[in-house]
Each structure stands twice: as structure tokens, then as C-alpha cells.
Amino acid sequence: MNIEEIRKNLNEDLENASESGKLEELRVKFLGKKGHITEALAGLRNVSGEEKKTLGGAINRLKKEAEILIAEKIIAIKLKEEELMVNAAPLYDLSVPSKTAAGSYHPITLVQRKCEEIFASMGFTIEEYPEVTDDYNCFEAVNIPKDHPARDMQDTYYLENGQLLKTHTSAAQNAIMKKYGAPLRAIFPGRCFRNEATDACHENTFFQMEGIMIDTDISISNLIYFMKKMLSEVFEKDIEVRLRPGFFPFVEPGFELDISCLICGGEGCPSCKNSGWLELCPCGMIHPNVLKEGGIDSEKYTGFAFGLGLTRLAMMKYGIKDIRDLNSGKLANLSQFVS
Ligand code: DAH
């Protein structure tokens, strides 16, 4: 085949090619080892002198031209193929009604918001505190020194950098005292973690809401008033409560505030460990060491603190028997509550 025949042939083939796959065959036909242009170049061995030069130049120009034309054709065909694919994709009809049910708030979010509303109306600020903290804030700053037996009940998850997942919202007390000083009224809800054997009333991940009120002349009567007020508003009825002495290193005196179990009506069930009472809100008068560590003059100021179990509160309010349902992600269980 002479040069003109090869060029004509190439142009015809390019004209007819309509799939990107075919273009590779075409490249082999002209530029492959045994392709027309490669063979024409090999044929130069039989030519000599001036003719070899002219012919060689012409074949090389044709080779370049063929490479460019084939590459351009590949791009053009690919673009066309993509366009066809896009046009063939099914169109979304935005007017079709959705089959997905509307979302809902998690029961813990609902009780948390309710409590925030109640305390905000009584002049408390709502503070945030991270889930990851350190030994100082979680324990030492709240009067739980290293090797104190109170740490045994609060084993947690430690990170490789020495930090830990907070075991209680009391971990935020020190930072908040340092941030605002006294007088102070604040609540700080948050997720807490413990190394727990789980059952109907224990989980390794749960929510608390801590509150502190610090001022001159704060007494246990203030504490009892705020606790009762909060419970009657959350449950929208009077709730039977009892106050027992309780030990927590960061309060003195310390109390356990129990409510009569709303699931069994006080008869005893797995949710209340068969006692008829549920520990809901341990509390007490802030220990002077904790005030001092937070930079507050413990001679001048006193205060109360409480650690409300938000998870337990949600269980009581909504009659959820097993704490594990709350972390289960089962929408049938979790989406039935409204505020
Ligand atoms: N931080 C305690 C716990 O999780 C609960 C607690 C008890 C908080 C007494 C308080 C308090 O503020 O006064 O076990």
C-alpha cells in the first residue's frame, strides 16, 4: 500500500469508528508491529538515496498524523459515550411523596431539653464539656486522689495518650468554677462512660446532668428545693422522693436522692433492683477542697452539686424497662416519644 492509500484507508476507518473499543483495533491496524504504517517504514530498507529521504519523511509525517487523529477520535467517542450514559440514567422525580417517616428526638434528648428549660428558667447557665478529659479533671480536682477507693466504681476507658473518657459529669466542675468564679449557677449535661457489666439498669455509656449552685449562704434547703422543683416539673406531677446519706468525695454532706420507681409503682422490679426505689440524683454540699481547687474562696462561699441520671430519668418518664434499649438504635422503640 502506498502512502496515499494508507491515508485514505485510515480516514475511512476513523470516519466509520463509533465505539471506543474499536479504536484500539484501528491503532493496531495502522501503528501496531505489523500495522500498515510500521510496514511502510520497514519497506524503506529497499529504497535508497534521495527517494529514501523523501519517502521516509512522508511516512513519518503520516505516522504522527495517525497518532494524533486516533487520540482525538478516542476522546471524542468517550465524551459521546458518557453523554449517552448520563442521558440514559433514570431521572429523579422530586414531586413523588417520600416513604421515609419523619425523624424524632431520642428520649434522652427530650428529657435533657426539658431539664435545661426548667433550670434555665431558674437562672442556671447550660455548659458544655468534652467527653474526653484527663485524670486531674475527672478525679483529682473533685477530691478523688490517686488510689482513693472511690475510683474503683468508676473504671473507664483510657486513651493511649493518658486521657480518658469521663465517668461522670462532675469532671466538668473544676473547669466551670475556674471559668466563672462565684457566685455561680450552672448545669452541664453530658455523655459518660464506665467499664460496666451491663444489665437492665447498667450501661457502659449513659447520660448525666450535673448542676452546681455556689453563693454566699447556700444550704441543704436550697438543694432540696431545686431538686423537688425539677422533678415535679419533669414528671408533671408530685413524685415521692427520699433522701439518704450517701458518700461522694466531692460533697460533704452527701446524699442519695431516690424516687419511688414509676415502672412498678414501688413494688420492686428489675429496673429498680427490686427495691421499689430508684437512685436518681445523688447530691450534696460541695466539699471545701473542691471549691478551693476551683479557685473559689471556701470561707466565703458554699454551694450544692447534684448529678442527675438523665438516662434513668428518661427510663422513668417514658416507662422504658431496659436501659440497653436506649443505645440500641431500634427506631421502633426510640421514635415513639414526643416532648
Ligand atoms: N458524680 C457522681 C457519680 O456519677 C454523682 C454525683 C454525686 C454528682 C453527688 C454530684 C454529687 O454532683 O453531689 O457517681
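This part takes up the domain arrangement of the protein. Looking at the protein, the domain boundaries give domain 1 (3–87) and domain 2 (107–334). Its C-alpha centre places domain 1 at a distance of 80 Å from the equivalent point of domain 2.

Let's shift gears to the pairing of strand β9 (residues 283–286). Bridging between strand β7 (residues 251–260) and β9 involves 3 bridges; their strand directions are antiparallel. Note that in β9 the partner of V251 across the bridge is I286.

Close to the ligand lie 16 residues, the nearest being H168, S170, R194, Q208 and E210. Measuring from an oxygen atom of the ligand, one finds a side-chain N or O atom of E210 at 2.7 Å. Contacts to the ligand include A305, whose backbone N or O atom sits 3.1 Å from an oxygen atom. For the ligand, whose free accessible area comes to 350 Å², the fraction covered by protein is 95%. One can see that the ligand is located within the largest pocket. At the level of elements, β5 (205–215), β9 and β10 (302–309) are the ones that each hand at least two residues to the shell around the ligand. The element contributing the most residues to the shell around the ligand is β10, with 3 residues. Within the shell around the ligand, the residues separate by chemical class into 7 nonpolar, 7 polar and 2 charged.

Attention now moves to the nonpolar core. By size, the foremost hydrophobic cluster in this structure holds 47 residues, and its most contacted members are F119, I259, F304, F306, L308 and L313. At the level of elements, α5 (107–121), β5, α8 (220–235), β7, β9, β10 and α10 (310–318) are the ones that each hand at least two residues to this core. Beyond its immediate stretch of four places on either side in the chain, I259 contacts L231, F235, I239, E240, V241, G276, W277, L278, L280 and M316. Among the nonpolar cores identified, the runner-up in size contains 25 residues, and Y129, L164, I176 and L291 belong to it.

Turning next to the environment of G43. Summarising the element assignment, G43 is placed in the loop between α3 (36–42) and α4 (49–88). C-alpha of G43 to C-alpha of G276: the two residues are 233 residues apart in sequence and 104 Å apart in space.

Further remarks concern the layout of surface pockets. Any empty space left between atoms is shown by rolling a water-sized probe over those atoms. Approximately 830 Å³ is the volume found for the largest pocket. Together, 37 residues line the largest pocket, and R194, Q208, F248, E279 and P282 are the ones closest to its centre. Of all the secondary structure elements, the ones that give two or more residues to the lining of the largest pocket are β5, β7, β9, β10 and α10. Of the residues that constitute the lining of the largest pocket, the class distribution is 19 nonpolar, 10 polar and 8 charged.

What counts, and where the lines are drawn
- Residues numbered from 1 in each chain as written.
- Predicted model: local features only at pLDDT ≥ 70, side-chain atom pairs only at ≥ 80, totals over all residues.
- Heavy atoms only, no water.
- Domains from an automatic or database assignment.
- Pairing = 2+ DSSP bridges.
- Helix = DSSP H or I, 4+ residues; strand = E, 2+ residues; numbered from the N terminus.
- Near = heavy atom within 4 Å.
- Polar contact = N/O pair within 3.5 Å; in protein donor to acceptor, adjacent residues only side chain to side chain.
- Areas by Shrake-Rupley, 256 points an atom, 1.4 Å probe, with all protein chains shown as cover.
- 1 Å grid on protein atoms, 1.4 Å probe; cavity = no way out; pocket = protein on both sides within 12 Å on 5 of 7 lines; lining within 4 Å.
- Sits in = over half its atoms within 2 Å of the grid points.
- Nonpolar A, V, L, I, M, F, W, Y, C, P; charged D, E, K, R; others polar.
- Core = buried A, V, L, I, M, F, W, Y, C linked by side-chain atoms within 4.5 Å.
- Buried < 20%, exposed > 50% of the residue type's maximum accessible area, 1.4 Å probe, protein only.
- Contact = heavy atoms within 4.5 Å.
- Points joined across faces, edges and corners; volume = space filled by probe spheres on them.

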